[in-house]
Amino acid sequence: MTKRPIFASLLLLSSALVAPAALAQEAGSEPAATPAPAAADEPAAQDEEEGDVSIPGGADQEIVVTGRYTPNVVRATPEVVSVLSSADIARTGEGDISGSLQRVTGLSVVGSGFVYVRGLGDRYSLALLNGSPLPSPEPLKRVVPLDIFPSNVIDSTLVQKSYSANFPGEFGGGVINLTTKAIPREPFLTLSGGIGWDSETTNQLGYTYYGSDTDWTGFDDGTRDVPPLLKAAFASGKPILEGADFSQGDLEAIQMELVNAETTLLQQNNHIPVNWSAGITGGTTIPFANGELGIIATAGISNKWRTRDTLQQTSVEQDLSGDPQSSYNRVVTDNRIVVNGLLGFGLEIGEHKLRWTNLYIRDTLKQARLAVGTDANQVGRDIMKQDTAWYERQLINTQFVGEFHFDRLKLDLRGSYANSQREAPYERGFTYVRTNLPTSQDPTGDTFVNDLGGNRGDATIAFSDLNEDLWSGGVDLSYELAPRITATVGYAYTDTNRTSVRRAFQFRAPGLPVAVTQLRPDYLLSDATIQLYDITLIETSAQDGTAAFDAGLTTHAGYAQIQAELAPGMNVNVGVRYEDGKQTVVPVDLFGTGASSIVATNLNNDYWLPAVTLTWEVAPDMQLRLNASNTIARPQFRELVAQVYQDPESNRLFRGNPSLTDSELWNAELRYEWYFAKDQRFTAAGFYKSIDRPIEAYTSISDSSVNTSYANAPKATLYGVEVEAQKYFALDTLSDAPFWASRRLVLIGNYTYTKSEIQVGANDKTVINGVVQDARNFFFDGSPLTGQSDHLVNVQIGLEDQDKLSQQTLLLTYASPRVTSRGPSGQPDLKEKPGIQLDFVARQGLTLLNKEIELKFEARNLTGRKYQEVQEAGDNRIYFNRYKLGRTFSLSASLKF
């Protein structure tokens, strides 16, 4: 029993790829077998032809590969890419796309689905859906978290690590382009379902609260809607507290309208339920003269539980000596429900293709937390904290793509609208204190009390809302100037607008009787208690302008690019992009005071961003690539917003810095590729990046609360090497038994070494909320960039049948320690220690009553690793966050009609 506190596509890969059919997986149907490799003693298959090959890529336009045609998509592209096909995604067995991406060379996943490319944080990565940008429902990020994308809606994923001018300029580490399910070539219908078990959660003790009858669906039934009186008070434009605008009677009426017990009462559950999921996918094709119309639809729901038994500490000592400033054992139970749906239409008329894709994702987190601990600011006292929360994240995306071919001329059009929302109603928190001193009312001194804002406890509630709209569009025109020479010009536009509001309140009461202070939370804030003891409501939303923000980013970009074969076996892709971006973050004066101490952000910059990649085929199956480019990284909205936000994952407070500026990068890479057999390869690369004004997170501690903010470091460099190999071994030589006749051994492995250093000199400065400060107060010279692991290792060892679906795969992942934030006040940096994770995935196809069935078994985290975020100084150690990650086991099945 776990210990607990004792208290209760390549772009459009799926629709436009004209590479070999072996790589073009049809949506909704698993291939009967993975294409067989060339025998080990056979020469690598070349199958080269003269001419041009259109491979979807870039910002929704196709990359035109000029030169000899090769059947390997990764090899044929003019840039450094990795492609996860539908078969690759299925082999990993991951439920969301971020899990599959962590198997890609040089990629790691940090936190809730944020992908780091070659050690650079998620702000240096660009996520696209079918080539169009996406808004983020995450308050801390402008980058969308990829764990909200279930694998069942994604057909393939392209990762490009070398910059080319057809991509947006915010390309520090790389771009990740997700391609949704393709248009089917034949009608199909697939039903799926699964259950899962977590050793630290399922059938174990955890905490929850009632909420509403429909919480299990991820949709509240209206229980958490803002009550009418509070909604009217919000609209009044006045801070909600006793005075000229609100009487005590008004405030009591507002409190009594709040939903109480359903959102307040924490409940112990000794048998947390199993995880489960269900889905349906179907599609059809309607042929007509000179073309066809394809339709595909998918819908799914997953309901998962996770309990974390955490240790969370802080220290104010520079060497971390002595007892911690604060130390809490906190049990956190998350119930996460993800609902998704996709509806796509594809029209092909001759050489022309039109595609309309609509995607809906709703990711809801119902969270309950209970903590017991100590705080040096309250000597001799024990403190109990309980929190309940409901976080709704939602993404709606609709996009249109048109590809038109006219002999040597090709025209691509695209347009997209996306909306993301995050609502967090009824974030409730209660603090109870035990003095451990006998009194006449409490002879033993061991009773927890909450006097509502005296010196022994408090109660809070908050409502927050985030809305982001993103419009984007573009046009690309390619023309074949001569054999093996293609010129492309394009224009791209994006307009992003985000509004964020957080209204926070504290309950206060003058001199509550001791018997009342001992009441449980729902009785403490009952209607009777509110009226009898004049409990009042005080708005604590910052009246200095941080309660609400409007943010926006508008970009205009044009580019020109030429791909040409300079000589047989020597190709170049060279281009330049001009990009103008205007980014603003403006405090909203909710209360009409006309004053704000917060500096508004107004970044208006334009850049010329050149890029060149030279590919030299040194042998029929070997090539070298050399790339150099300039790119940028803009601050994310939340990094600029001076609004305090509590991250439910880390239980840490975040506050932005409106004085951040853009980062500029210079990138270089040299890469060797050897394609020694079909679908088999060995690659090795060295890369280097120089970054001016990188944005880094730093930590401070105030009243035992951990706060994280952001600042521009003066300069940083990053360099490293990566190696990848993929090899198949036929096993029919082991035995004459039919079992081995069509089976092969799959070996896939990659390793990335990365080293980064922040450079800080005696005269370097950084700006914090408009105040120029010595950069050495925030950064140490020679420190690594946040989020960067020196070593990343991924290994896949598997058996698979080439004639039918039968796969058994071991997957090993290792990431060395990485900095999550700069340490406060000269303390050591905070480091996460990911360690080793070992997974096993088995997939088996069978036929029952003439129906195709796929069974999948997953066993995750077999090594039982822990999550550890620590500070270390010699033998002294402070755990900012530590908990066990459970071993998980799941079984699922899909039935195809």
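For the structure, see preceding data.
What comes next concerns the included structure. Remember, it's a predicted structure, so these values are computed and weren't measured experimentally. (Residues numbered from 1 in each chain as written. Predicted model: local features only at pLDDT ≥ 70, side-chain atom pairs only at ≥ 80, totals over all residues. Heavy atoms only, no water.)

1. Notes on the overall build of the protein chain
Condition: Where helices and strands are cited, they refer to DSSP runs of H or I of at least four residues and of E of at least two residues respectively, numbered from the N terminus. Exposure is judged per residue with a 1.4 Å probe applied to protein chains only, and the accessible area is read against the type maximum: over 50% gives exposed, under 20% gives buried, and values in between give partly exposed. Only the protein chains shown count as cover for residues, and all accessible areas are computed by the Shrake-Rupley method using a 1.4 Å probe.
For the protein chain, the count of helices and strands is 12 helices and 44 strands. Counting all 897 residues of the protein chain, 57% fall into the buried class. About 33,700 Å² of surface is accessible on the protein chain, with carbon and sulfur atoms providing 57% of the total.

2. Quick word on unusual backbone geometry
Backbone geometry places Asn-769, a non-glycine residue, at a positive phi of 50°. Position of Asn-769 relative to the elements: it lies in the loop between strand S34 (765-768) and strand S35 (771-774). What makes Asn-769 partly exposed here is its relative accessible area of 29%. At Leu-849, a position not held by glycine, the phi torsion is positive, near 55°. Tracing the backbone through its elements, the reader meets Leu-849 in the loop between strand S40 (835-848) and strand S41 (851-860).

3. Observations concerning the packing of helix H5 (residues 228-235) against helix H6 (residues 248-257)
Think of two packed helices as two axes; the pair is described by the angle between the axes and how far apart they sit. Defined as follows: Angles here are taken between N-to-C directions and fall from 0 to 180 degrees, while the axes themselves are lines fitted to C-alpha atoms, restricted in helices to the stretch in contact. To sort the angles, those under 35 degrees are grouped as roughly parallel, those over 145 as roughly antiparallel, those from 65 to 115 as roughly perpendicular, and the leftovers as oblique. Any two residues whose heavy atoms approach within 4.5 Å are treated as being in contact.
For the pair H5 and H6, the least separation of the axes is 8 Å and the interaxial angle reads 125°. Taken as axis vectors, H5 and H6 run oblique relative to one another. Residues Pro-228, Leu-229, Leu-230 and Ala-233 of H5 pack against Ala-253, Ile-254 and Glu-257 of H6.

4. A look at the pattern of salt bridges
Note the following rule: A pairing counts as a salt bridge when a side-chain nitrogen of Lys or Arg comes within 4 Å of a carboxyl oxygen of Asp or Glu.
Under the counting rule described, the total for this entry stands at 39 salt bridges. Between Arg-336 and Asp-363 there is a salt bridge, and its shortest N-O distance comes to 2.4 Å. With Arg-336 in strand S15 (residues 326-349) and Asp-363 in strand S16 (residues 352-375), this pair connects stretches of sequence that are 27 residues apart. The class for Arg-336 is partly exposed, based on a relative accessible area of 24%. Taking relative accessible area as the criterion, Asp-363 reaches 3% and is therefore assigned buried.

5. Quick notes on the side chain of Gln-160
As a reminder, the rule being used: In protein, a polar contact means a hydrogen-donor-capable atom and an acceptor-capable atom, both N or O and within 3.5 Å, with residues adjacent in sequence counting only if both atoms are side-chain atoms; elsewhere, any N or O pair within 3.5 Å suffices.
Along the chain, Gln-160 falls in strand S8 (residues 154-160). Taking the relative accessible area as the measure of exposure, Gln-160 reaches 1% and is therefore buried. At 2.7 Å, the side chain of Gln-160 forms a polar contact with the backbone oxygen of Ser-162.

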